[in-house]
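# Results of the structural survey
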Amino acid sequence: DLVVGGSLEQLLARQQRLVDQGLRGDRLHVWTEQLLDSLGFLHGVTIAHRDLKPANLLLTAAAQLKLSDFGLALRHRPGELLQRYDGTRLYKLPELLERRAHCPFKADLWAAGVCVYEMVEGRVPWAGRPSEDQLRQRQALPLVFAYAAEPLRAVLRRLLSLQAALRPPPLE
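Read on for a plain summary of the structure.

So, how was this worked out
- Residues numbered from 1 in each chain as written.
- Predicted model: local features only at pLDDT ≥ 70, side-chain atom pairs only at ≥ 80, totals over all residues.
- Heavy atoms only, no water.
- Phe/Tyr/Trp six-rings, centres within 6.5 Å; stacked < 30°, edge-to-face > 60°.
- Helix = DSSP H or I, 4+ residues; strand = E, 2+ residues; numbered from the N terminus.
- Buried < 20%, exposed > 50% of the residue type's maximum accessible area, 1.4 Å probe, protein only.
- Expected span 1.5 Å × (residues − 1).
- Contact = heavy atoms within 4.5 Å.
- Core = buried A, V, L, I, M, F, W, Y, C linked by side-chain atoms within 4.5 Å.
- Salt bridge = Lys/Arg side-chain N within 4 Å of Asp/Glu carboxyl O.

Turning our attention to the packing of aromatic side chains. The final tally for this structure, using the stated rule, is 2 aromatic pairs. Pairing Trp 110 with Trp 126 gives two aromatic rings, centres 5.9 Å apart and planes at 15 degrees, and the pair type is stacked. Here Trp 110, found in helix 4 (residues 104–121), pairs with Trp 126, found in the loop between helix 4 and helix 5 (131–140); they are 16 residues apart in sequence, far enough to count as distant. Residue Trp 110 is classed as buried on the basis of its relative accessible area, which comes to 0%. Ring geometry for Tyr 117 versus Phe 145: centroids 5.6 Å apart, planes at 55 degrees, classification tilted. Of this pair, Tyr 117 sits in helix 4 while Phe 145 sits in the loop between helix 5 and helix 6 (150–159), and the two are 28 residues apart along the sequence. Judged by relative accessible area, Tyr 117 falls into the buried class, the value being 0%.

Structural data, given as structure tokens:
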């Protein structure tokens, strides 16, 4: 697909929060659905993206969201844990920051949650500089919502739970 609409990162840099900058909530809903559908497809064929972030979410001329940059993507057997810690720090699963074995499909879901949070709130949930600072922030500071409606808050709380057992299972 030809993607001429730029990246979600560029759009966020121009507009901060998407919902109150002329972009209706239904667009956020559509992009969230497209993001999760794309991950569901990848995970269904046992591929983990592993570097999901707004810079890698591109927009077509028709404002359709597309995944890009599969440089860290890999095939992975469901149920097995990965011991590679690549990815972009602000979008990393806590287990990645702690350099523990993890499910890369769940890491994709975590990163998707951070991307959706950023679209709604205009910032990432935790912004510590080194990984250790960010991990401490995540443990000390709860998720704070200024703009997300309650149904979305509940979804984001689950996606971004620090307790791995409370997060949703990988998509299929």
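There's plenty left to go through after this.
This part is about helix 4. Taking 1.5 Å per residue, 18 residues should reach 26 Å; helix 4 reaches 25 Å between its end C-alpha atoms and fits that length. Along helix 4, 17 of the 18 residues are buried, which leaves the element largely enclosed by surrounding structure. Backbone geometry just after helix 4 places Gly 122 at a positive phi near 85 degrees.

Below, the discussion takes up the environment of Ala 107. Relative to the assigned elements, Ala 107 resides in helix 4. Those residues in contact with Ala 107 that sit more than four places away from it in its chain are Leu 93, Leu 96 and His 102.

Another aspect to go through is the nonpolar core. Core analysis: the largest hydrophobic core is formed by 36 residues, its most contacted members being Leu 8, Trp 31, Leu 35, Leu 52, Leu 57, Leu 67 and Leu 160. Every element with two or more residues in this core is listed here: helix 1 (8–15), helix 2 (25–44), strand 2 (57–59), strand 3 (65–67), helix 4 and helix 6. Not counting the four nearest positions on each side in its chain, Leu 67 is found in contact with Leu 35, Ser 38, Leu 39, Leu 42, His 49, Leu 52, Asn 56 and Leu 57.

The next point concerns the pattern of salt bridges. Summed over the entire model, instances satisfying the criterion amount to 7 salt bridges. Between Arg 77 and Glu 80 there is a salt bridge, and its shortest N-O distance comes to 3.5 Å. Under the relative-accessibility criterion, Glu 80 is labelled partly exposed at 38%. Salt bridges here are not isolated pairs; linked through shared partners, they connect Arg 50, Arg 84 and Asp 86.

Just geometry here; none of it tells us what the structure is for.
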